[in-house]
Structure formats: structure tokens, C-alpha cells
Amino acid sequence: MQILNAYSLALAGCESHFSMVKAASLLPGISHDRITRNLHFGGFSGITDWDKLPPNGILIVDDTAIAKPYAKHIEGVDWVYSSSQQQTVLGLTCQLVLWRVDDEVFVLDVVICEKGGLKHNERFRQTLLRLYELGLQPQYVTF
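Parameters and conventions
Residues numbered from 1 in each chain as written. Predicted model: local features only at pLDDT ≥ 70, side-chain atom pairs only at ≥ 80, totals over all residues. Heavy atoms only, no water. Helix = DSSP H or I, 4+ residues; strand = E, 2+ residues; numbered from the N terminus. Contact = heavy atoms within 4.5 Å. Areas by Shrake-Rupley, 256 points an atom, 1.4 Å probe, with all protein chains shown as cover. Salt bridge = Lys/Arg side-chain N within 4 Å of Asp/Glu carboxyl O. Buried < 20%, exposed > 50% of the residue type's maximum accessible area, 1.4 Å probe, protein only. Phe/Tyr/Trp six-rings, centres within 6.5 Å; stacked < 30°, edge-to-face > 60°. Core = buried A, V, L, I, M, F, W, Y, C linked by side-chain atoms within 4.5 Å. Pairing = 2+ DSSP bridges.

**Some thoughts on the overall build of the protein**
Secondary structure summary: the protein contains 4 helices and 5 strands in total. Ordered by position in the sequence, the α and β elements of the protein form the string α-α-α-β-β-β-β-α-β. Pairs at least 24 residues apart make up 54% of the contacts formed inside the protein by residues separated by at least 6 positions. For the protein, the exposed area adds up to about 9,700 Å²; of that, 51% sits on carbon and sulfur atoms.

Written out as C-alpha cells, the structure reads:
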């Protein structure tokens, strides 16, 4: 699970085009082959035991456009605004939900947003409501 959390952070922190090699370069001591094996065989799931999360954290919700210029036939690909490219691009919108306490970062959820689904603010409100219902009480919320 630590590899998958690290992978999620590398995915969120990667600029321009993403690859396993680029992810591995952002993750000291983890090879691109190890990331690939964990994604293929390990699966991914968010936090399931909310009671084990350290209290008094900062909730970070970020959404980003992942450009897929050559992928017109991939499910969910749509025209989305990319703030890094400052234009509309063919791609996916991904929402990353993190919980930070001191120097520890926990990946709570990674959502690939549906084509034609909720707007950014609606999805953000829905995420906050769901986390509140699960008992999460952040000191701060950043978006």
C-alpha cells in the first residue's frame, strides 16, 4: 500500500507527460518495475480504517486535468481545462484527496471524474460532506 500511496503522490506531482520511469525518478528507492507490479497485482483502495488516521490534520483536495491528446476512444475522456497549459485539452479530470499531519501524508481517495458529471465545486462539496459523515474533522481544508 505504501508503494501505491507514493505512486499517487508522484502522479499528482508530475509535470507534463507522466510515465512510470518519471514516477520512479520522483520516488527515491522505488523502481518503475516495482510500481508497475504493485499497480497490476496489488490494486488500489483508499483509506478503509478511518479510526487509525491521526487527528488534527489538514484536508487537501486537488483536481487536475490529465491530458490524453491521442485517446479519443478511452472511456471518460472529454475536453477539460488544464490550468498548467492554460487551455482546453482532451483528457481526464482527476480529484486527489489527501490528509496531512505534520510530515505524514495519507491518500484518502483518488477519483477519475465522469465525463459530463459534477462540476468542480459540486464534486468538492460532495467530497467534504462524505468525509464529514465519516467523522473526519480537519483543522483546515485547502482546495
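**As for unusual backbone geometry**
Positive phi is not limited to glycine here, since Asn 56 has a value of about 60°. By the element assignment, Asn 56 lies in the loop between α3 (32–42) and β1 (58–67). Backbone geometry at Gln 86 places phi at a positive 50°, although glycine is not the residue there.

**Here we look at the pattern of salt bridges**
Using the criterion set out here, one finds 2 salt bridges in the structure. One salt bridge in this structure joins Arg 123 and Asp 63, with 3.9 Å as the shortest N-O distance. On the criterion of sequence distance, the pair formed by Arg 123 in helix α4 (residues 120–133) and Asp 63 in strand β1 is long-range, its members being 60 residues apart. Of the charged contacts in the structure, one is a salt bridge between Arg 130 and Asp 109, with a shortest N-O distance of 3.0 Å. Taken together, the residues Arg 130 in helix α4 and Asp 109 in strand β4 (residues 104–112) connect sequence positions 21 residues apart. Classification of Arg 130 by relative accessible area gives partly exposed; the value is 34%. When its relative accessible area of 19% is taken as the criterion, Asp 109 is described as buried.

**Points about the packing of aromatic side chains**
In total, this model carries 1 aromatic pair according to the counting rule given. Between Phe 124 and Phe 143, the ring centres sit 4.1 Å apart and the planes meet at 40°, which makes this aromatic pair tilted. Of this pair, Phe 124 sits in helix α4 while Phe 143 sits in the segment after β5 (140–142), and the two are 19 residues apart along the sequence.

**A short note on the nonpolar core**
Soluble, globular proteins show a tendency: their nonpolar side chains are buried together. In terms of nonpolar packing, the biggest core is built from 12 residues, these being Trp 50, Leu 53, Leu 59, Val 61, Val 97, Trp 99, Val 101, Phe 106, Leu 108, Phe 124, Leu 131 and Leu 136. When contributions to this core are tallied by element, the ones reaching two or more residues are β1, β3 (87–101), β4 and α4. Ranked by residues supplied to this core, first place goes to β3 with 3 residues. For Val 101, the residues in contact, after removing those within four places along its chain, are Pro 54, Pro 55 and Gly 57.

**Digging into the pairing of β4**
With 8 bridges joining them, β3 and β4 adopt antiparallel strand pairing. Note on β4: the bridge partner recorded for Leu 98 is Val 107. In this structure, the hairpin formed by β3 and β4 is closed by a connection of 2 residues, where Asp 102 is found at a positive phi of approximately 55°.

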